[in-house]
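The primary structure of each chain is shown beneath.
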Amino acid sequence: MAREPTTKTRRQLLHTAGLIGVVGVAGCMGSNNESGGNGSGGGSSTTAAWIGEAGDGNLTKKHYNPLNFKEQQAAIYNYIWDPFAAQNDFTGEYYPYLITDWSVGKDAMQLQLRDGLTWWDGSKVDSKDLASTLKLEFLVNGAPETIDTISEKDKTTVEIGLKEPTNASILEQTILTKRLNIKHDVFKKYVSQYDQASSDDVQQKVREKLVNDKIGEPYGHGPWQVDQVTPGKITLKKYDKHPDADKINFPTVEFNQMGGGNQKRWGAIKTGNLDGTKSFVESSVGETFPDAIKHKNYPANWGMGLWFNHDDPVLKKRNVRWAIAHLFDRKTIAKNSDATKKPVKVPDGITNAATDKWLGDLTGKMKKYEKDTAKAERLLKKEGFTKKGGTWHEPNGKKFSLPINVPAGWSDFTLSVQTMVSQLKNFGIQSQVKTSDSSSYLSDLWPNGNFRVATYGWAAGIAYPYYTYRLTYADQEVQGAISPPDTVKIPPVGKPNGTLNTVDPNDVLGNLEKKVDKSTEKKLMQKLAWLYNYTLPCLPVQEKLDQIWYNTDGWEYPSKDDKAMTYYDGLFSWLPRQGKLKATQ
């Protein structure tokens, strides 16, 4: 059975890439394991029980500080705290919710808070809570350098001051993907200390105290509130004063510990003891499910890539990287991994789902790097490689050996790499699967560049491509891992046979980070895609699909193409808020 990187290792991977804190990444921030249970019952008495991602161990011992990631009650967060907005995972579009309106000007971004929200104790949710959420989130996870101040303009408006005009898309992705999870009255001492901090050292002391604080009593403003917590179960009841409470026709949500990983989940949903799960299901298992169980795939906006160490005297040559790319059949590699993997169509740093939006006709002029052993042979010979006795040799006479590094336990990566190693060997390049403990892989092998080629996520898990290019060209640890040159030579965009010009990728990124109109934004994104495709710092091999499985026996869901079904991160808590998930029995 293929196993994905866990939430912990996925968070570690993205933290290594410098993206945690810049944006709330799906699968890392809060609960990524919304999974629901038995919807049987009569009318409004129907309940939904949710799976063991409520946490291992004694649930009564868990806390409610969203900024202390140890032993927190994360599974219920999407239910007790409203999201700023919902994001369409296919298009990147935002659907306003707690933030009903926003605007980005030269000097500031303004956020308008939804009216009528109250905390469970009856006090109003206001701009002080919204500002406190942003301040403490940025204190713990970091903020984009362009953000200067956070202030309350009135009871429902917060203004984020900017040091310089900034790309609205970047600000939206940074801000709108959060949820309001800080009640000012609960965290006011930390907010006050943040406001008064006179240096980075003082801020660090505040941060250390905050991330170790355990809030023992649950607090919230969402459409469900905590009713009962036992060692193995959390029960939420509908909060009738929420503005959307009338859209919800079932009063209770239950989170049950299950344990045992995917096998337990598969058995529970098959037998009707689980109504929904965000979980990988093997094709052979899914075929045994009753007809009432449906599923939908979502773009995860990341996948496995093969990264080249540019310190290597051979791999720093572009023709060698091109040749290696032409040796792989990406369709077969993805097929041999599992059903949630799809081959990258064009290796340009943009996901399959976003390609048309950003590249359009330019895609036809990109290098596809399809399997072509004859072309690979010509490219290697151009760089002085020779083939003797069926084995390729480097210009210095040594046998060309290309072991592929992969973290141990990431079996979906390993399955793909096994196919890649086979394809390299078939061409005459020595290769093997080289595994390392995932912890040492992420803390030592990868950041220190102790490899010729290594597998790692090629995209940032975000629909907006800027973040993948930022990971590739600006993140310090990625730069330390692959040691790319500061500048590259590429032909003009759209003219693959044109004269090569010197380009600094970070200059292009810097221009994209400024406040730009949509036309300029698209041109800059195309330039980044073009230089990525031409220089190939990494070969994006495959993309991952996230899965949601849900039981329609006793529940009414919208059609799969309904826009309410496009929000993967919080789907099972978002649909009821929209009146789109109804109990039918």
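Our subject is the structure that appears above.
What this report covers is the structure whose coordinates are included nearby. What you see is a predicted model, and the numbers here were worked out from it, not measured in a lab.

## Here we look at the sheet that holds strand 19 (residues 433–436)
Thinking step 1. Reading across from one edge, 19-18-20-14-23 is the order of the 5 strands in this open sheet, with mixed pairing throughout. Looking along the sheet, the strands with just one partner apiece sit at the ends: strand 19 and strand 23 (538–540). On average, each strand axis in the sheet is tilted by 30 degrees relative to the strand beside it, whichever way the strands run.
Thinking step 2. Bridging between strand 14 (residues 304–308) and strand 23 involves 3 bridges; their strand directions are antiparallel. Note that in strand 23 the partner of G305 across the bridge is P540.
Thinking step 3. Running over the sheet, helix 13 (residues 411–427) touches strand 14, strand 18 (404–407), strand 19 and strand 20 (453–457) and is turned about 170 degrees from strand 18.

## Here we look at the pairing of strand 9 (residues 224–230)
As a general feature of sheets, a regular strand has side chains that alternate between the two faces.
Thinking step 1. Direction of pairing for strand 9 relative to strand 10 (residues 233–238): antiparallel, over a ladder of 6 bridges. Across the sheet, residue V229 finds its bridge partner in strand 10, namely I234.

## Things to note about the nonpolar core
Thinking step 1. One finds L306, W307, I324, F400, W446, Y464 and Y469 to be the most contacted residues of the largest nonpolar core, which totals 82 residues.
Thinking step 2. If you tally residues by element for this core, the top one is helix 18 (residues 518–535), at 8 residues.
Thinking step 3. Those residues in contact with I324 that sit more than four places away from it in its chain are L306, F308, L315, F400 and L402.
Thinking step 4. Judged by nonpolar contacts, the second largest core, of 75 residues, contains A86, W120, L130 and Y298.

## A look at the packing of helix 11 (residues 352–359) against helix 18
Geometrically, a packed helix pair is captured by the angle between its two axes and the distance between the axes.
Thinking step 1. Following both chains from N to C, one finds helix 11 and helix 18 inclined at 125 degrees, their axes separated by 9 Å at the closest point. Looking at the two axes, helix 11 sits oblique to helix 18. Across the interface between the two elements, K357, W358 and L359 from helix 11 touch E521, K522, M525, Q526 and A529 from helix 18.

## Thoughts on the side chain of S416
Thinking step 1. Examined against the element boundaries, S416 turns out to sit in helix 13.
Thinking step 2. Sequence-distant contacts of S416, defined by excluding residues within four places in its chain, comprise M304, I333, S337 and Q542.

## Focus: helix 18
Thinking step 1. For helix 18, which comprises 18 residues, the first-to-last C-alpha distance of 26 Å matches the rise-based estimate of 26 Å (1.5 Å per residue) to within 8%.
Thinking step 2. Within the span of helix 18, buried status applies to E521, L524, M525, Q526, L528, A529, W530, L531, Y532, N533, Y534 and T535.

## Quick word on the pattern of salt bridges
Pairing is possible between side chains of opposite charge, provided their charged atoms come close.
Thinking step 1. The final tally for this structure, using the stated rule, is 18 salt bridges.
Thinking step 2. One salt bridge connects D244 with R114, and the closest N-O pair in it is separated by 3.1 Å. On the criterion of sequence distance, the pair formed by D244 in the loop between strand 10 and strand 11 (252–256) and R114 in the loop between strand 6 (108–113) and helix 3 (127–141) is long-range, its members being 130 residues apart.
Thinking step 3. According to the relative accessible area criterion, D244 is buried, its value standing at 3%.
Thinking step 4. A cluster of three or more residues bridged by salt bridges with shared partners is formed by R114, D244 and K247.

## So, the packing of aromatic side chains
Thinking step 1. This structure, assessed with the given rule, holds 30 aromatic pairs.
Thinking step 2. Geometrically, the ring pair formed by W322 and Y534 is edge-to-face, given 5.3 Å between the ring centres and 85 degrees between the ring planes. Note that W322 is positioned in helix 9 (residues 318–325) and Y534 in helix 18, a separation of 212 residues in sequence.
Thinking step 3. Residue classification places Y534 among the buried residues on the basis of a relative accessible area of 9%.
Thinking step 4. Relative to Y467, the ring of Y466 lies with its centre 4.9 Å away and its plane at 75 degrees, an arrangement referred to as edge-to-face.
Thinking step 5. We classify Y467 as buried; its relative accessible area is 0%.
Thinking step 6. Aromatic ring contacts, followed pair by pair, group Y77, W81, W119, F187 and Y219 into a single cluster.
Thinking step 7. One cation-aromatic arrangement involves K387 over F427; the distance from NZ or CZ to the ring centre is 5.3 Å.

## With respect to unusual backbone geometry
Thinking step 1. Here the phi dihedral of N301 falls at roughly 60 degrees; this positive angle occurs in a residue that is not glycine.
Thinking step 2. Tracing the chain through its elements places N301 in the loop between strand 13 (293–299) and strand 14.
Thinking step 3. Phi at Y369 is positive, roughly 55 degrees, even though this residue is not glycine.
Thinking step 4. Among the secondary structure elements, Y369 is positioned in the loop between helix 11 and helix 12 (373–382).

What counts, and where the lines are drawn
Residues numbered from 1 in each chain as written. Predicted model: local features only at pLDDT ≥ 70, side-chain atom pairs only at ≥ 80, totals over all residues. Heavy atoms only, no water. Pairing = 2+ DSSP bridges. Helix = DSSP H or I, 4+ residues; strand = E, 2+ residues; numbered from the N terminus. Axes fitted to C-alpha atoms, helices over the stretch in contact; angles between N-to-C directions. Contact = heavy atoms within 4.5 Å. Core = buried A, V, L, I, M, F, W, Y, C linked by side-chain atoms within 4.5 Å. Buried < 20%, exposed > 50% of the residue type's maximum accessible area, 1.4 Å probe, protein only. Parallel < 35°, antiparallel > 145°, perpendicular 65-115°, else oblique. Expected span 1.5 Å × (residues − 1). Salt bridge = Lys/Arg side-chain N within 4 Å of Asp/Glu carboxyl O. Phe/Tyr/Trp six-rings, centres within 6.5 Å; stacked < 30°, edge-to-face > 60°. Lys NZ or Arg CZ within 6 Å of the ring centre and 35° of its normal.

Note that every value here comes from positions in space, so none of it alone points to a role or purpose.
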